Amino acid sequence: MPFQPIARRTFLRGLGTAIALPALEAMTPLAAAAGPAAGQAPQRLAFLYVPNGMHMPDWTPEGVGEGFKLNKILEPLAEVQQHISIFSGLGCDNARSHGDGPGDHARSAASFLTGMHPVKTEGRDIRAGVSIDHIAAKYIAGDTPFPTLELGCEAGKLAGTCDSGYSCAYSNSISWRSPSQPSGKEVNPQLVFDRLFGGGSAADVPESQFRRRERQKSILDFVSEDTQRIQRRISMSDRRKLDQYMESIRGVERRIADPASRLSLSDLERPDGVPKDYGEHVRLMGDLMVLALQADLTRVATFMFANEGSNHRYRELEISGGHHQISHHQNDPDKEGAISRINRYHIEQLAHILKRMNEIKEGDSTLLANTGLVYGSAIRDGNRHDHHDVPVLMAGNLGGKMVTGRHQIFPAKTPLMNLFLTMLQGVGAPVESVGDSTGTLTLV
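Computed from a predicted structure; not experimentally measured.

## Some words on the overall build of the protein
Scanning the protein from terminus to terminus reveals 12 helices and 15 strands. Here the protein, with 444 residues, has 57% of them falling under the buried criterion. A total of about 18,400 Å² of accessible surface is found on the protein, and carbon and sulfur atoms cover 49% of it.

## Considering the side chain of Asn94
Here Asn94 shows up in the loop between β4 (84–91) and α2 (104–112). Separated by 2.7 Å, the side chain of Asn94 and the backbone oxygen of Gly115 make a polar contact. Among all residues touching Asn94, those that are not within four sequence positions of it are Arg107, Ser111, Gly115, Met116, His117, Pro118 and Asp436.

## Thoughts on the packing of aromatic side chains
In total, this model carries 12 aromatic pairs according to the counting rule given. Ring centres 5.5 Å apart and planes at 85° place the aromatic pair Phe47 and Phe420 in the edge-to-face group. Of this pair, Phe47 sits in strand β3 (residues 44–49) while Phe420 sits in helix α12 (residues 417–426); the two residues are 373 residues apart in sequence, bridging distant segments of the chain. The same class applies to Phe47 and to Phe420, which are both buried. Ring centres 6.1 Å apart and planes at 85° place the aromatic pair Tyr314 and Tyr345 in the edge-to-face group. Note that Tyr314 is positioned in the loop between β10 (300–304) and α10 (323–327) and Tyr345 in helix α11 (residues 333–359), a separation of 31 residues in sequence. Since its relative accessible area comes to 0%, Tyr314 is described here as buried. Among the aromatic residues, those joined into a cluster by ring pairs are Phe47, Tyr49, Phe112 and Phe420.

## Comments concerning unusual backbone geometry
Peptide bonds are mostly trans, and most non-glycine residues show a negative phi. The phi angle at Asn331 is positive, at roughly 65°, despite the residue not being glycine. Inspection of the secondary structure assignment puts Asn331 in the loop between α10 and α11. Among the residues examined, Asn331 registers a relative accessible area of 49% and is labelled partly exposed. One non-glycine residue with positive phi stands out, namely Asp389, at about 45°. Secondary-structure assignment places Asp389 in the loop between β13 (371–376) and β14 (392–395). Owing to a relative accessible area of 19%, Asp389 belongs among the buried residues under this scheme.

## Details of the pattern of salt bridges
All chains considered together, the criterion is met by 15 salt bridges. Close ionic contact of Asp104 with Arg107 constitutes a salt bridge, the shortest N to O distance being 3.3 Å. Of this pair, Asp104 and Arg107 both sit in helix α2, separated by 3 residues, roughly a single helical turn. Grouping residues by exposure puts Asp104 and Arg107 together as buried. One salt bridge in this structure joins Glu280 and Arg255, with 2.8 Å as the shortest N-O distance. Of this pair, Glu280 sits in helix α9 (residues 278–294) while Arg255 sits in helix α8 (residues 236–257), placing them 25 residues apart in sequence. The class of Arg255 is partly exposed, set by a relative accessible area of 24%.

## Some words on the pairing of strand β5 (residues 149–152)
Residues Leu149 and Leu151 of β5 are buried on one face, and the alternating residues Glu150 and Gly152, pointing to the opposite face, are buried as well. Where β5 and β10 come together, 4 bridges link them in parallel fashion. When the sheet's bridge partners are listed, Gly152 is paired in β10 with Met304.

## Notes on the nonpolar core
By size, the foremost hydrophobic cluster in this structure holds 79 residues, and its most contacted members are Leu48, Trp59, Leu77, Phe197, Leu354, Leu373 and Tyr375. Every residue in contact with Leu48, bar those within four places of it in the chain, is listed here: Met289, Phe303, Phe305, Leu350, Ile353, Leu373, Val374, Tyr375 and Gly376. In this structure, Tyr49, Phe87, Leu398 and Leu441 belong to the second largest nonpolar core, which totals 39 residues.

## So, the packing of α8 against α9
As a packed pair, α8 and α9 sit with axes 11 Å apart at the nearest point and diverge in direction by 150°. With respect to α9, the element α8 is oriented roughly antiparallel. Crossing handedness for the pair α8 and α9: left-handed. Note on element contacts: α9 touches α8 through Glu280, Arg283, Leu284, Asp287, Leu288, Leu291 and Gln294, opposite Tyr245, Ser248, Ile249, Val252, Arg255 and Ile256. For the contact of α8 with α9, the class distribution of residues is 7 nonpolar, 2 polar and 4 charged.

## Quick notes on the sheet that holds β10
Sheet architecture is open: 7 strands sit in the order β5-β10-β3-β13-β14-β4-β15, paired in mixed fashion. The open sheet terminates on both sides in strands that have one partner only, identified here as β5 and β15 (406–415). Here the strands of the sheet are splayed against their neighbours by 20° on average, with no regard to which way each runs.

## As for the confidence of the model for the protein
Taken residue by residue, the protein gives an average pLDDT of 87. The fraction at 70 or more is 88%. When the criterion is pLDDT under 50, residues 259–271 qualifies, and its contacts beyond four places in sequence or with other chains add up to 21 contacts.

## A word on the environment of Ile73
Turning to its location among the elements, Ile73 is positioned in the loop between β3 and β4. With a relative accessible area of 0%, Ile73 lands in the buried category. Sequence separation of Ile73 and Arg344 is 271 residues, and the distance between their C-alpha atoms is 4.4 Å. Leave out the neighbours within four places in its chain, and Ile73 touches Met54, His55, Asp58, Trp59, Ser340, Asn343, Arg344 and Ile347.

## Topic: the side chain of Glu280
Note on Glu280: relative accessible area 18%, which makes it buried. The contacts of Glu280, once residues within four sequence positions are left out, are Arg255 and Pro275.

## Comments concerning the state of the cysteines
Summed over all chains, the structure comprises 1 disulfide. Sulfur-sulfur distance for the disulfide between Cys162 and Cys168 comes to 1.9 Å. Judged by the sign of its S-S torsion, about 90°, the cystine formed by Cys162 and Cys168 is right-handed. You can call Cys168 buried: its relative accessible area is 0%.

About the thresholds
- Residues numbered from 1 in each chain as written.
- Predicted model: local features only at pLDDT ≥ 70, side-chain atom pairs only at ≥ 80, totals over all residues.
- Heavy atoms only, no water.
- Helix = DSSP H or I, 4+ residues; strand = E, 2+ residues; numbered from the N terminus.
- Buried < 20%, exposed > 50% of the residue type's maximum accessible area, 1.4 Å probe, protein only.
- Areas by Shrake-Rupley, 256 points an atom, 1.4 Å probe, with all protein chains shown as cover.
- Polar contact = N/O pair within 3.5 Å; in protein donor to acceptor, adjacent residues only side chain to side chain.
- Contact = heavy atoms within 4.5 Å.
- Phe/Tyr/Trp six-rings, centres within 6.5 Å; stacked < 30°, edge-to-face > 60°.
- Salt bridge = Lys/Arg side-chain N within 4 Å of Asp/Glu carboxyl O.
- Pairing = 2+ DSSP bridges.
- Core = buried A, V, L, I, M, F, W, Y, C linked by side-chain atoms within 4.5 Å.
- Axes fitted to C-alpha atoms, helices over the stretch in contact; angles between N-to-C directions.
- Parallel < 35°, antiparallel > 145°, perpendicular 65-115°, else oblique.
- Left-handed = near helix turned anticlockwise from the far one by under 90°.
- Nonpolar A, V, L, I, M, F, W, Y, C, P; charged D, E, K, R; others polar.
- pLDDT = per-residue confidence, 0-100.
- Disulfide = S-S within 2.5 Å.

What follows is the structure, given as structure tokens:
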């Protein structure tokens, strides 16, 4: 029997629950009827940030063009190498002091996606610029429930001073909805999960959450009737895709609920669902981001692996000192080696995210191929606090709009914002400049 077409914006609903469906073959006829462009997979943008710079000798690839060799830090990306491009030579000039003295960490996070020089202040008169994610959302968010999604793995206040006279809002944010309004990020996976999938009336959501906790139910139990109804209308291929999607949701749910992953009792606060292991925390938040993109709950996401200037201790790597402390290595080989290991550990988590995105099929393409994901930092070397030739890579090609599988070197002082402008124009945004951009990049 031919399957019955269903609307793209279809939700599985239950008590306090609304789960968006992934792209299915059954949605194609209705999408095609709406016009040629409507039948295509949506384009997504994601921006992932890591703090304290990079040990560049172990980051920079050997060779240029297609024949480049991944260096020590980037080796975990070997499986997806053809889907990434490494860019050398791009700089973040507005992270420099320009007469404002110390505060490179605050300026780096604040300028990474805005390309603007933040006003040095501890008070309410904070000012940076509108970030790329919010500019992009104006043009590609469509009817998604969340125009942008802001995630992180380290909580941080948006008031007070965190770096040499700069407000904490600068160090703890890369997403700015207006020049004076940073977007708060969510670091608790449980709250992100509930936000993405706990739709429904305001009265029903608390009851749904209570039943799930008390009766150890999955959120999928509340949409079982809707799921069965949809399964009767779709092809076997779509059923398999739906089963895989639902299993991904259930897998994330299990990891959030696992008591062994909770914060230790020595911590002052124990927000439900925050893993004790940092790597698991990054992967879990990454999986939630992927689910949100896959279900078209959002098309624009930001993810801070840690706040800028973070002094997180990577005990799982048997590194005793804090990240920020070690980044001031003063050319000590042991400290440089520790920074390189931290950098590689971050890349291992990125590899998990990219592999997952590459496994999700969207017609003849993949979620990764239909996304432009940038990973990097606005600091080159944490010891020098320099901002030229910053570490940055791009994964995915925006449905063929960008070039991947390359190492490309640009002239010195080429603004990082030129990459973001290129990506904005790639998704059809009629934008001629952003931040300190001087033009688009020629990607070969």
